[in-house]
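# Tertiary structure, described
Okay, here's what each chain looks like letter by letter:
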Amino acid sequence: KIRNLVEAIHDGVRTVRLHLKTEHAHPGLKAIIPELKEQLEQLIPPGFLWETPFPWLREYPRYLKAMHTRLERRMLAPLKDAEKAAVVKPFRDALNLALSRGGTLAADPELERFRWMVEELRVSQFAQELGTVMPVSQKRLQQQWQKVSS
């Protein structure tokens, strides 16, 4: 079971990375490449297989599929993608701010929950058909951010 999961994660990462390299062939992707590279770096840092709680690690294939879906859809509807990205951006920025200030997911359960809520919001915005493992909305993320920042 774990082997299958690791293989699915590997395949998903490979697929996303291949699409990220197509930025030269698809000019419409250039604007989101830095954001997706950042997301991939946050999902797949060194040691992620050991450091990521297993319930979240099981969701990685879905997160990677959502990234792939976003890349494909962005080429067809860049304005729609930009609207969806605007919903995620304040929460992505808040997460990055907390992490840049030395916040650690392992030491702060509220920040860790916020981190996974951001990932679920991305799924709900860019690949809604994949579903989420928890209810997410801008309001719910704002409430969770209040817990993190208080």
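Before reading further, recall that the structure is shown in the block above.
Below you will find a few notes about this structure. Keep in mind it's a predicted model, so treat the numbers as computed, not measured.

### A closer look at the layout of surface pockets
By volume, the largest pocket amounts to about 330 Å³. Looking at the largest pocket, it is lined by 16 residues, and the ones nearest its centre are Gln42, Pro45, Glu51, Thr52 and Leu105. Among the elements that line the lining of the largest pocket, the one with the most residues is helix H7 (residues 109–126), at three residues. The residue inventory of the lining of the largest pocket, partitioned by class, reads 10 nonpolar, three polar and three charged.

### Topic: the side chain of Glu59
Summarising the element assignment, Glu59 is placed in the loop between helix H4 (54–57) and helix H5 (60–76). A polar contact of 2.9 Å, which involves the side chain of Glu59, links it to the side chain of Arg62.

### Considering the side chain of Arg70
Considering the arrangement of structural elements, one finds Arg70 in helix H5. With near-sequence residues (within four places) excluded, Arg70 lies in contact with Ile32, Glu35, Leu36, Asp81, Ala85 and Phe126.

### Structural notes on the nonpolar core
Judged by nonpolar contacts, the single largest core of 41 residues is most densely connected at Ile9 and Tyr60. Elements represented by at least two residues in this core include exactly helix H1 (2–20), helix H2 (33–43), H4, H5, helix H6 (78–100), H7 and helix H8 (138–149). Looking at which element gives the most residues to this core, the answer is H7, with eight residues. Dropping the residues within four chain positions of it, Ile9 is found in contact with Ile44, Phe48, Leu57, Tyr60, Pro61 and Leu64.

Rules used in this analysis
- Residues numbered from 1 in each chain as written.
- Predicted model: local features only at pLDDT ≥ 70, side-chain atom pairs only at ≥ 80, totals over all residues.
- Heavy atoms only, no water.
- 1 Å grid on protein atoms, 1.4 Å probe; cavity = no way out; pocket = protein on both sides within 12 Å on 5 of 7 lines; lining within 4 Å.
- Points joined across faces, edges and corners; volume = space filled by probe spheres on them.
- Helix = DSSP H or I, 4+ residues; strand = E, 2+ residues; numbered from the N terminus.
- Nonpolar A, V, L, I, M, F, W, Y, C, P; charged D, E, K, R; others polar.
- Polar contact = N/O pair within 3.5 Å; in protein donor to acceptor, adjacent residues only side chain to side chain.
- Contact = heavy atoms within 4.5 Å.
- Core = buried A, V, L, I, M, F, W, Y, C linked by side-chain atoms within 4.5 Å.
- Buried < 20%, exposed > 50% of the residue type's maximum accessible area, 1.4 Å probe, protein only.

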